Amino acid sequence: TPAMREGEALVLVGEASELGRWDTRRGVKFQRGQDPEGRLAWLARVRLRRGKQVQFKCVVAGPHGDTWEEGENRSLVVPSGLKKPLAVNLTWLGGEGKKVAGN
């Protein structure tokens, strides 16, 4: 997990409208919670269209700029035949991330 300060939020953003179309102010905010084993985790729920490939990243969004995780965009193909929700586990990619000033 990246270092976060007061006023910042961990946000899931991506190309899909459900992920804010790369706008951190419209992305899906993660909430602190627990994983199935009872460990501290950041959790986000989003409903995506089945059968579609989605590109996305995790971002620490804050009043003094956003810090995007490093590396290439992540990619997920949402299976079309799902009968129950798909759980996806993510790990923050790369150190302190890339700072982008201003919102």
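Please refer to the structure higher up on the page.
Rules used in this analysis
- Residues numbered from 1 in each chain as written.
- Predicted model: local features only at pLDDT ≥ 70, side-chain atom pairs only at ≥ 80, totals over all residues.
- Heavy atoms only, no water.
- Salt bridge = Lys/Arg side-chain N within 4 Å of Asp/Glu carboxyl O.
- Buried < 20%, exposed > 50% of the residue type's maximum accessible area, 1.4 Å probe, protein only.
- 1 Å grid on protein atoms, 1.4 Å probe; cavity = no way out; pocket = protein on both sides within 12 Å on 5 of 7 lines; lining within 4 Å.
- Points joined across faces, edges and corners; volume = space filled by probe spheres on them.
- Helix = DSSP H or I, 4+ residues; strand = E, 2+ residues; numbered from the N terminus.
- Nonpolar A, V, L, I, M, F, W, Y, C, P; charged D, E, K, R; others polar.
- Patch = residues over 30% accessible without salt bridge, like charges linked within 9 Å, V, L, I, M, F, W, Y side chains within 5 Å.
- Areas by Shrake-Rupley, 256 points an atom, 1.4 Å probe, with all protein chains shown as cover.

Undergrad: Describe the pattern of salt bridges, naming the residues involved and giving the relevant values.
TA: Applying the stated criterion across every chain, the model contains five salt bridges. Salt-bridge contacts for Arg 25 lead to Asp 23; the nearest nitrogen and oxygen are separated by 3.2 Å. Judged by relative accessible area, which is 18%, Asp 23 ranks as buried.

Undergrad: Break down the layout of surface pockets for me, citing the residues and quoting the values.
TA: Considered as a void within the structure, the largest pocket measures approximately 1400 Å³ in volume. The wall of the largest pocket is formed by 35 residues, among which Ala 44, Arg 45, Leu 86, Ala 87 and Val 88 lie closest to the centre. Taken together, the elements giving at least two residues each to the lining of the largest pocket come down to β1 (9-14), β4 (40-43) and β5 (53-62). Sorting elements by how many residues they give to the lining of the largest pocket places β4 first, with four residues. A class-by-class count of the residues in the lining of the largest pocket yields 24 nonpolar, four polar and seven charged.

Undergrad: So, a nonpolar patch on the surface: which residues are in play, and what are the values?
TA: Taken together, Leu 86, Val 88 and Leu 90 make up a surface patch of nonpolar side chains, about 210 Å² in accessible area. Following the sequence through the fold, Leu 90 ends up in the loop between β7 (74-77) and β8 (98-100). For Leu 90, a relative accessible area of 31% corresponds to the partly exposed category.

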